[in-house]
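So the chains spell out like this:
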2 protein chains.
Amino acid sequence: GAAGQGLDFPIPDGRARVVPVTPQNHREMLQRFPVLALLDRRPRPGPPRAQEQVLELAAQVLEDKGVGFGIVDAEKDADMAKKLGLKEEGSIYVFKGDKVTKYDGELAADTLVEFLLDVLEDPVEFIEGDHELRAFENIEDDPKLIGYFKDRDSEYFQAFEAAAAGFHPYVSFFATFDSKVVAKKLDLRLNEIEFYEPFMEEPLTILWASSREEIVAFLEEHRRTTLRKLKPESTYETWVRAGGDGAPHPHMSPPDGFEFLDILKDVARDNNNPDLSILWIDPDDFPLLIPYWEKTFHIDLSRPRIGVVNVTDTTSVWMELGDEDLPGPDEVQEWLEAVLEGAGDTPDHHSEDEEDDDDD
Amino acid sequence: GAAGQGLDFPIPDGRARVVPVTPQNHREMLQRFPVLALLDRRPRPGPPRAQEQVLELAAQVLEDKGVGFGIVDAEKDADMAKKLGLKEEGSIYVFKGDKVTKYDGELAADTLVEFLLDVLEDPVEFIEGDHELRAFENIEDDPKLIGYFKDRDSEYFQAFEAAAAGFHPYVSFFATFDSKVVAKKLDLRLNEIEFYEPFMEEPLTILWASSREEIVAFLEEHRRTTLRKLKPESTYETWVRAGGDGAPHPHMSPPDGFEFLDILKDVARDNNNPDLSILWIDPDDFPLLIPYWEKTFHIDLSRPRIGVVNVTDTTSVWMELGDEDLPGPDEVQEWLEAVLEGAGDTPDHHSEDEEDDDDD
């Protein structure tokens, strides 16, 4: 066509690829597909719902990749659903080997496909040489671990690999057998594992963990990181985790807000408050939520904003930002502490909307 | 719910907001909505098609933003369609003031909403002070212009603003009246306009353009840039423009391919071949196309790749990349020139697929 070839975005072809999964066929489905995505939802006659359409399009795109798709009626087949580990109506559960992972991302075909392509990869990625080391170092906005081991037969490596399967693909696990470049430059001793929080320069070290359980326990303890980017493929998990035992602090920033991000990194690095968890949100990653957020939080998202949001009732407090320079890390930290002390976990007022005078 | 509040992704509510636009109501629609998006498509009874569902969801999200949505039957109402400037069946045309812009992005609700939110903004953005100057300088992957003018009444500024409306939002136009910081640091004289190609450090200068036509002519001449990132909101335009009068050179790179991007920047900056246009594609921006591209081009997209693609028949040639270090800019340039001289515009073979031995 006039638009040129090589850009054929998929259009639903109308073929039904998503299969009802029942006590009769669930074993066969699990055996047949290296990766199986199951939607926990009571099937019903009539036109397909939005969720099912997303699943069908993902199934069409991933048809040759060994990913199967099914719907489980967890009401009718309650025993099977329980045995499979399905808990939440409307959620998607992904099976690979003997692991089940709940999909915690946006229900959109592109995000789901990206997630499933990640699931298809091995949970541990290997790093060798300068080039791959730099690629590893460039990963800033995801939590990551790296371990240095003798070889694949090492019991330490095997514990690491077993732990990785439980966090894949939400946490990235890297391993190296390269003593000359990678281990040397990262100053890793044999069997040492390092964990990097997103945006942090200095890693935390796990020493000689020879069992999966030790690594899992360490990660569970440290996973609620200080500064985190909200991403479509892990939106719900990140949003709720940040709000876990205190109020979260979503920061919303337009694409030109990188300078503000640097300030937040400073706040995060100097921070000693274990309850303080900052979310960095680039609204361009969530266009469908921009009008909703602006309405819910009474803010204008064409400029960087920082605020404290209560995820239980969506009340929020937002820092007043002048037209001139952005506040420094100290100012932000002070403001955050004042809000947390004053309003506590339930901010119940919001600042006056600033007038949008960008265009004057 | 258990997922926390504040993350309500829109679910189609079933209300029809997309209106059939006819000779009887089109004037009223254009007057009523500051921005109007029209799909050129013969309406038909029965369940809505994928395109219409995308439009409906976008309409639902943008309901309070002053964006209207309609469908034009360009067969039945051919005269009106012609008068409105609709040319291509299946395309979306966006009306703002007396300007029509064809939407050249992926047909997905999130990308369309992002595009329309951009259209709602003014075509010229103003830059003042250090902070905004740095934000301007950080924009690397989009083409951008900046002009320094006395004030809004300047005829030079008015020509600039008139030109901006015709390229908005595909090309970013910035203006400054700030002589002390912005004009001084960018070394801009009064009424001077500078054009930055994506990824280029040195701008091209347009001197004292006092008419819209001069600026438009300059941009039309220089818009086919040497290195460009493929983006969901301008996919088709970029893909075809790159392939305009020679073969394009899509480069596909995984997220860890930033080092490869640096090499491509060097190739682009040293390049003297006006027919050479390089596309940088981050496959993570196009998850729905990954399996399709891998199949069409016989490549593995889990590693950086560079190739020459014929957009007419999707034949392609890909550079052999070893497991070790990436090729340098000279090697890439040499390889590209050999391909362009040898196979010309119609590469008709592809290299052997490399085995994916990442995991060994």
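Here the structure is a predicted model, which is why all the values come from computation and not from measurement.

**Section: the overall build of chain A**
So, point 1. Along the backbone of chain A there are 12 helices and 15 strands.
So, point 2. The proportion of buried residues among the 360 residues of chain A is 54%.
So, point 3. Once local pairs closer than 6 in sequence are excluded, the contacts in chain A between residues at least 24 apart make up 73%.
So, point 4. Carbon and sulfur atoms form 47% of the exposed surface of chain A, whose accessible area is close to 16500 Å².

**What about the sheet that holds strand S6 (residues 124–126) of chain A?**
Residue and element names in this part refer to chain A.
So, point 1. Read from one edge to the other, the open sheet built from 5 strands follows the order S6-S8-S7-S9-S10, with strand pairing classed as mixed. Where the open sheet ends on each side, the last strands, each with one partner, are S6 and strand S10 (204–206). Pairs of neighbouring strands in the sheet enclose a mean axial angle of 25°, with direction left out of account.
So, point 2. Pairing analysis gives 3 bridges linking strand S9 (residues 193–196) to S10, with the strands arranged antiparallel. Looking at S10, one finds that phenylalanine 195 is bridged to leucine 204.
So, point 3. Helix H5 (residues 129–138) contacts S6, strand S7 (144–148), strand S8 (172–176) and S9 of the sheet and is inclined by roughly 145° relative to S7.
So, point 4. Against the sheet, helix H7 (residues 179–186) touches S7, S8 and S9, its axis set at about 125° to S7.

**Description of the domain arrangement of chain A**
Residue and element names in this part refer to chain A.
So, point 1. The domains assigned to chain A are domain 1 (2–120), domain 2 (124–222) and domain 3 (227–359).
So, point 2. Listed as interface residues are 9 residues of domain 2 and, on the opposing side, 11 residues of domain 3.
So, point 3. Around 970 Å² of area is buried between domain 2 and domain 3 when both sides are counted, 51% of it from carbon and sulfur atoms.
So, point 4. By the criterion of area lost to domain 3, the three top residues of domain 2 are Tyr170, Phe199 and Met200, representing 52% of everything that side buries.
So, point 5. On the surface where domain 2 and domain 3 come into contact, there are 4 salt bridges.
So, point 6. For lysine 231, the salt bridge identified is with aspartate 141, shortest N-O distance 3.3 Å.

**Quick word on the packing of helix H2 (residues 50–61) of chain A against helix H4 (residues 109–120) of chain A**
Residues and elements named next belong to chain A.
So, point 1. Following both chains from N to C, one finds H2 and H4 inclined at 50°, their axes separated by 9 Å at the closest point. Between H2 and H4, the interaxial angle falls into the category oblique. Here H2 and H4 pass one another in a crossing that is right-handed. Only Ala109, Leu112 and Val113 of H4 make contact with H2, whose side of the interface consists of Val54, Leu55, Leu57, Ala58 and Val61.
So, point 2. Each residue belonging to the contact of H2 with H4 can be placed in one class, and the counts come to 8 nonpolar, no polar and no charged.

**Concerning the relation of the copies chain A and chain B**
For these two chain copies, the linking operation is a rotation about an axis paired with a shift along it.
So, point 1. With an RMSD of 0.0 Å, the operation that places chain A on chain B is a rotation of 180° combined with a shift of 0.0 Å along the axis. On the angle and the small slide along the axis, the relation comes out as a two-fold axis.
So, point 2. When the interface residues of chain A are mapped onto chain B, 98% of them again fall at the interface, so both copies present the same face.

**Concerning unusual backbone geometry**
So, point 1. A cis geometry characterises the amide bond from histidine 168 of chain A onward to proline 169 of chain A, with omega recorded as 0°.
So, point 2. You can see proline 169 of chain A is positioned in the loop between helix H6 (155–167) and S8.
So, point 3. At histidine 298 of chain B, a residue that is not glycine, the phi angle is positive and equals roughly 55°.
So, point 4. Residue placement: histidine 298 of chain B occurs in the loop between helix H11 (290–297) and strand S14 (305–309).
So, point 5. A relative accessible area of 36% places histidine 298 of chain B in the partly exposed class.
So, point 6. Even without being glycine, threonine 314 of chain B reaches a positive phi, approximately 60°.
So, point 7. Note that threonine 314 of chain B resides in the loop between S14 and strand S15 (316–318).

**Focus on the pattern of salt bridges**
So, point 1. A complete count under the given rule lists 38 salt bridges over all chains for this structure.
So, point 2. Between lysine 150 of chain A and aspartate 151 of chain A there is a salt bridge, and its shortest N-O distance comes to 3.6 Å.
So, point 3. For lysine 150 of chain A, a relative accessible area of 61% gives the class exposed.
So, point 4. Here arginine 17 of chain B ties to aspartate 13 of chain B by a salt bridge, and the two come within 2.8 Å at their closest N and O atoms.
So, point 5. The class of arginine 17 of chain B is buried, set by a relative accessible area of 14%.
So, point 6. Aspartate 13 of chain B sits in the partly exposed class, given a relative accessible area of 42%.
So, point 7. Each of Asp13, Arg15, Arg17 and Glu63 of chain A takes part in salt bridges that share partners, so that together they form one network.

**A short note on the sheet that holds strand S9 (residues 193–196) of chain B**
Residues and elements named next belong to chain B.
So, point 1. Strand order in the open sheet formed by 5 strands is S6-S8-S7-S9-S10, and the pairing between neighbours is mixed. Each edge of the open sheet is held by one strand with a lone partner, namely strand S6 (124–126) and strand S10 (204–206). Strand after strand, the sheet turns through a mean of 25° between neighbouring axes, direction not considered.
So, point 2. For strand S7 (residues 144–148) and S9, the ladder comprises 4 bridges, and the chain directions are antiparallel. Looking at the pairing, lysine 144 lines up with tyrosine 196 of S9.
So, point 3. Contacting S7, strand S8 (172–176) and S9, helix H7 (residues 179–186) crosses the sheet at an angle of about 125° to S7.

**Comments concerning the interface of chain A and chain B**
A common way to state how big an interface is: give the accessible area lost once the parts meet.
So, point 1. In this complex, chain A contributes 58 residues to the contact, which on the side of chain B involves 58 residues.
So, point 2. In this assembly, chain A packs against chain B so that about 5300 Å² is buried in total across both faces, 60% of it on carbon and sulfur atoms.
So, point 3. Considering only the surface of chain A that becomes buried against chain B, Leu7, Phe9 and Leu288 of chain A emerge as the three largest contributors, covering 14% of it.
So, point 4. One can count 4 salt bridges joining chain A with chain B.
So, point 5. Put simply, lysine 65 of chain A and glutamate 294 of chain B hold a salt bridge, and the shortest N to O gap is 2.7 Å.
So, point 6. If you list the elements that add at least two residues to the side of chain A that touches chain B, you get H2, H4, H5, helix H9 (235–242), helix H10 (258–270) and helix H11 (290–297) of chain A.
So, point 7. Element by element, the count of residues in the side of chain A that touches chain B is highest for H11 of chain A, at 6 residues.
So, point 8. Split into classes, the residues belonging to the side of chain A that touches chain B amount to 30 nonpolar, 10 polar and 18 charged.

Cut-off values and rules
Residues numbered from 1 in each chain as written. Chains lettered and ligands numbered in written order. Predicted model: local features only at pLDDT ≥ 70, side-chain atom pairs only at ≥ 80, totals over all residues. Heavy atoms only, no water. Helix = DSSP H or I, 4+ residues; strand = E, 2+ residues; numbered from the N terminus. Buried < 20%, exposed > 50% of the residue type's maximum accessible area, 1.4 Å probe, protein only. Contact = heavy atoms within 4.5 Å. Areas by Shrake-Rupley, 256 points an atom, 1.4 Å probe, with all protein chains shown as cover. Pairing = 2+ DSSP bridges. Axes fitted to C-alpha atoms, helices over the stretch in contact; angles between N-to-C directions. Domains from an automatic or database assignment. Buried area = accessible area lost by both parts, 1.4 Å probe. Salt bridge = Lys/Arg side-chain N within 4 Å of Asp/Glu carboxyl O. Parallel < 35°, antiparallel > 145°, perpendicular 65-115°, else oblique. Left-handed = near helix turned anticlockwise from the far one by under 90°. Nonpolar A, V, L, I, M, F, W, Y, C, P; charged D, E, K, R; others polar. Least-squares fit on C-alpha atoms with pLDDT ≥ 70 in both.

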